[in-house]
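Examination of the molecular architecture
Below are the chains, spelled out letter by letter.
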Amino acid sequence: MCKEAEHQLLCPLEQVPCLNSEYGCPLSMSRHKLAKHLQVCPASVVCCSMEWNRWPNVDSETTLHENIMKETPSEECLDTALALQDQKVLFRSLKMVELFPETREATEEEPTMNGETGVEEMGGAVGGVDISLVPHGLSATNGEMAELSQEEREVLAKTKEGMDLAKFGQWENIFSKEHAASALTNSSASCESKNKNGPEKKQISSGNNMVEGEGAPKKKEPQENQKQQDVHTAMETTGLAPWQDGVLERLKTAVDAKDYNMYLVHNGRMLIHFGQMPACTPKERDFVYGKLEAQEVKTVYTFKVPVSYCGKRARLGDAMLSCKPSEHKAVDTSDLGITVEDLPKSDLIKTTLQCALERELKGHVISESRSIDGLFMDFATQTYNFEPEQFSSGTVLADLTAATPGGLHVELHSECVTRRHNKSSSAFTFTCNKFFRRDEFPLHFKNVHTDIQSCLNGWFQHRCPLAYLGCTFVQNHFRPPGQKAKVIYSQELKTFAIKPEVAPELSEGRKNNHLLGHGGKSQNSLTSLPLEILQYIAGFLDSVSLAQLSQVSVLMRNICATLLQERGMVLLQWKKKRYSHGGTSWRVHREIWQFSSLFSKIKSWEFNEVTSMSEHLKSCPFNIVEHKTDPILLTSMCQPREQARESLVSTFRVRPRGRYVS
Amino acid sequence: MQSSDAEIFEVDMETDKQSVINKTMLEDFEWMMNGEGDDDLVPLPNVNAAIFKKVRPWCTHHKDDPPPPQGDENKERGTDHTPVWDQEFLKVDQGALFKLILAADYLDFKSLLDVTYNTLANMIKGKTPEETDKSFNIKMTLWKRKKPKCTKRTVA
């Protein structure tokens, strides 16, 4: 018996939970099966960190891009589909105000601190209920919470709804500290209003009342009431505000030495400011500074951080710039001959992309600060005129281009460079950032990034050699082995997928056919098949197809859910929680089960049956064949033969022999 | 054998041995009748005459095939290589395909089941929910796709 506990820790047949049980895996198994299970554990999730770079469109490819966008976007045109997806992501990430701060709306308010209220949980005081859940009768008036009556407290204490008594001890500890602190800070305000109003009036801070409104147990209330009464008594008979005369004398008699010292620590500055207590060493009695005459310290800012060295430093700027006043000087444009309003408008997309890249190199600033004689002078550099003259702080480029017809403003081909390489800083970087189960990741990386994405530039996919003139013809050279299928890029799924070719007959849905027989109408539907058969069929689907099928109907969702533990993965969704004392913490909100975007495993590729590119060139509209009929002189036939050929030797002049005689 | 719509078919043990049910039923029936006479009928309530006529050529063509291997339950099933004859055999409309699936399931034709399942799976692969709904005319409540709230920011 004494070895039983140790045996349970060692026995390979002991039933144990998965090592990833904290991350959502619900399975338990014998210990000796753990290693094998971890390879396919649904909680073993990895995020693909593949990166690739893409440049903005150069002028030489504008014709091709325009012709591509004129046609209906095809899911088989892989490089175009991927470029358009990357462009969408890029445009959603470019904030106009960050790139062009001079275009920020002047009347815009400061962005609120709680920008992520969608995922944040603003806990009430010390984790209690939110203020919005407090009954209407207790709504704030004049900025203060009305006090609960004893009957209301008892009613709230009886109702269990919204209470979390498990954390009561923790709240009690935090609340007692908050209460003491707020009592001291509110003492001055309550004392003043007491003088105005005359009769006793209990004024409790909103933070205290929220906790009380939560329904604190009755045994806590007498203690609170006693504390409040003590404070109110002190407030009524004495004034303890730092600006009131005689505050220190009153405080000495009212509180003990420890609280007196703490009061000095918290309010010492104000006491000195209002002359209630002298500074430690008055200036005229100070040994060192008593004989000195105060003068303003002058400094000369002649050292300027070189901005051309690093773009990041240019972004940070001079740390002292914000402290020193500056003078603005604009560039005189009167010599242009036109007014500022008549200046041509800049192309929004091109300018934004250019400035986004410039920011990486040297930083885009609307003015350069130069120090002259200790003063900062701002000289205006480059500004841009856009149609919408001002933007809100949250405006991104995608919002501004939503109304205009779509265009392709990034290059079709991309470059895959790892983080360990020195990649060009004039390109936009995109990341995959998709989640996969650990055993799925190698397949994803091989099939998607290695086989397809990195080979789009002429190997997996072939464009007409006259694409630089505008020809949009494209061929895919490879397909999955065996079945007739094609590789597509799905804009909805935002990933590559395999789409098998289906016989046209199978695409016909309801059709009167002799094979149906009697009663065929009611059974002519996918949903009429038994659940076991549907589940077995779902086992034939790849992960991305399961993810899509689960969104068709409730029945299909339930069918696919039965495969989640075998084929799916579980992710934790975290939520940030803020507390009234300013602290934050991240908590697991829930588990999310889902299928990854992996398509069927492809070990090898087969050549697609496509015609040769030369067949297309015969009929390519951009292949303009020139038939020369006039004879052309060869270069060797341009000069007459009588002329002596000049050689290196013949260029030297003949020198007279002998010594030079003047 | 007698189909659900009362049509009678003669079966050959050699040809129809692919079907486990056929084989089992006929063996039991033969044992019961001690091999005397063949006037009695084996009912097939879940298979109509048209489907049975469609299935018989399959049996004839695949009578010498080895039994299909049992795959790993956790892995994605499916065959990459569907023979041409099978592809031509399955060029029917959706209703007929579903009937074939039900008949193959009742008659326990493993090889026919795998091929029909694979064909149906190929009709679903690579399609968005809207395309699947339109293709199969499911006409049930479309599951509204909700984007999960992102708690971390992905930067291009």
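Residues numbered from 1 in each chain as written. Chains lettered and ligands numbered in written order. Predicted model: local features only at pLDDT ≥ 70, side-chain atom pairs only at ≥ 80, totals over all residues. Heavy atoms only, no water.

Notes on the packing of helix H16 (residues 531-538) of chain A against helix H18 (residues 554-561) of chain A
Residue and element names in this part refer to chain A. Quick reminder of the rule: Axis definition: a line fitted to C-alpha atoms, limited for helices to the stretch in contact. Angles are taken between N-to-C directions and run from 0 to 180 degrees. The way it works is that DSSP assigns letters per residue, a run of H or I at least four long becomes a helix, a run of E at least two long becomes a strand, and they are numbered from the N terminus. Crossings are classed by handedness, with left-handed meaning an anticlockwise turn of the near helix from the far one by less than a right angle and right-handed meaning a clockwise turn. Contact definition: two residues touch when any of their heavy atoms are within 4.5 Å. Polarity classes work like this: nonpolar for Ala, Val, Leu, Ile, Met, Phe, Trp, Tyr, Cys and Pro, charged for Asp, Glu, Lys and Arg, and polar for all others, with Gly in that last group.
In the contact formed by H16 and H18, the axes pass within 9 Å of each other and the chain directions differ by 65 degrees. You can see that H16 and H18 cross each other, and the crossing is right-handed. Of the residues in H18, those touching H16 at Leu 531, Leu 534, Gln 535 and Ala 538 are Leu 555, Met 556 and Ile 559. The residue inventory of the contact of H16 with H18, partitioned by class, reads six nonpolar, one polar and no charged.

Description of the pairing of strand S17 (residues 584-594) of chain A
Counted only if it meets this: Pairing between two strands requires that DSSP report at least two bridges joining them.
Of the pairings in the sheet, the one linking strand S16 (residues 569-578) of chain A to S17(A) comprises 10 bridges and is antiparallel in character. Bridge pairing links Gln573(A) to Arg590(A) in S17(A).

Quick word on helix H5 (residues 110-124) of chain B
In an α-helix, one turn spans 3.6 residues; hence positions three or four apart end up facing the same way. Residues and elements named next belong to chain B. To keep it simple, the criterion reads: Helix span is expected to be 1.5 Å times the residue number reduced by one. Any residue under 20% of the maximum accessible area for its type is buried, any over 50% is exposed, and the rest in between are partly exposed; the area is computed with a 1.4 Å probe on protein chains only.
The end-to-end C-alpha distance of H5 is 21 Å, a good match for the 21 Å that 15 residues give at a rise of 1.5 Å each. The element H5 is extensively covered by neighbouring structure, given that 13 of its 15 residues are classed as buried. Looking one or two residues beyond H5, the residue adopting positive phi is Gly 126, at roughly 75 degrees.

Points about a nonpolar patch on the surface
All names here are of chain A. Formally: The patches reported here contain residues having more than 30% relative accessible area and no salt bridge. Joining distances are 9 Å for like charges and 5 Å for nonpolar side chains (Val, Leu, Ile, Met, Phe, Trp, Tyr). Every accessible area reported is derived by Shrake-Rupley at a probe size of 1.4 Å, with residue values counting cover from the shown protein chains alone. Take a side-chain nitrogen of Lys or Arg and a carboxyl oxygen of Asp or Glu: if they are within 4 Å of each other, that pair is a salt bridge.
A surface patch of nonpolar side chains, about 280 Å² in accessible area, is lined by Trp 243, Met 270 and Phe 274. Along the chain, Trp 243 turns up in the loop between helix H9 (220-237) and helix H10 (247-254). Judged by its relative accessible area of 36%, Trp 243 falls in the partly exposed class.

Let's talk about the confidence of the model for chain A
Segments scoring low in pLDDT should not have their predicted coordinates read at a detailed level. All names here are of chain A. Note the threshold: Residue-level confidence of the predictor is summarised by pLDDT, bounded by 0 at the bottom and 100 at the top.
With 60% of its residues at a pLDDT of 70 or more, chain A has an overall mean of 73. The weakest mean pLDDT in chain A belongs to helix H8 (residues 206-213) at 36; the strongest belongs to strand S3 (residues 45-47) at 95. Low confidence marks residues 232-237, where pLDDT is under 50. Its contacts with residues over four positions away, or in another chain, come to eight contacts. A low-confidence stretch, residues 510-522 (pLDDT under 50), is modelled with 19 contacts involving residues beyond four sequence positions or located in other chains.

As for the packing of aromatic side chains
This is how the line gets drawn: Between rings of Phe, Tyr and Trp, where Trp is taken as its six-membered ring, a pair exists when centres lie within 6.5 Å; planes separated by under 30 degrees are stacked, by over 60 edge-to-face, and by other angles tilted. In our convention, an over-ring charge means Lys NZ or Arg CZ found within 6 Å of a ring centre and within 35 degrees of that ring's normal.
Counted according to the given criterion, the structure contains 10 aromatic pairs over all chains. The interplanar angle of 80 degrees and the centroid separation of 5.0 Å between the aromatic rings of Tyr489(A) and Phe496(A) together place this pair among those described as edge-to-face. We note that Tyr489(A), like Phe496(A), is buried. Grouped by ring-pair contacts, the aromatic residues Trp459(A), Phe460(A), Phe478(A), Trp605(A) and Phe607(A) constitute a single cluster. If you follow Lys54(B) out to its NZ or CZ, it ends over the ring of Phe89(B), 4.7 Å from the centre.

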